[in-house]
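# A structural walkthrough
This is what each chain is made of:
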Amino acid sequence: MATKELALHEQLEVHEVLIFKTACVTKSKLFVNLVQDEKLKEIIQEDLELSTKAIKDLRKVLADASA
């Protein structure tokens, strides 16, 4: 499988998204236990799972780009 090279500005943009997603996960983890509404809690937990996967994927993109 060929690795895709990213230009520096593209790497920086991916890094910005990674930082944003990390902040979102941190905030969601803090608030999930404070939420009383079960439906909202489910939404937050689903977002946590999806965001965690996105973080892994973004890290892989950055790792592949610098390899």
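Located above this text is the structure these notes cover.
Residues numbered from 1 in each chain as written. Predicted model: local features only at pLDDT ≥ 70, side-chain atom pairs only at ≥ 80, totals over all residues. Heavy atoms only, no water.

### Quick word on the pattern of salt bridges
- Evaluation of the coordinates by the stated rule reveals two salt bridges.
- Measuring nitrogen to oxygen at the nearest pair gives 2.8 Å for the salt bridge that ties Asp57 to Lys53. One end of the pair, Asp57, and the other, Lys53, are both in helix H2 (residues 38-66), four residues apart, so they sit about a helical turn from each other. (Salt bridge = Lys/Arg side-chain N within 4 Å of Asp/Glu carboxyl O. Helix = DSSP H or I, 4+ residues; strand = E, 2+ residues; numbered from the N terminus.)

### A short note on the nonpolar core
- Leu6, Val14, Leu18, Val25, Val32, Val35, Ile44, Leu48, Ile55, Leu58, Leu62 and Ala65 form the largest nonpolar core, which has 12 residues in total.
- Ranked by residues supplied to this core, first place goes to H2 with six residues. (Core = buried A, V, L, I, M, F, W, Y, C linked by side-chain atoms within 4.5 Å. Buried < 20%, exposed > 50% of the residue type's maximum accessible area, 1.4 Å probe, protein only.)

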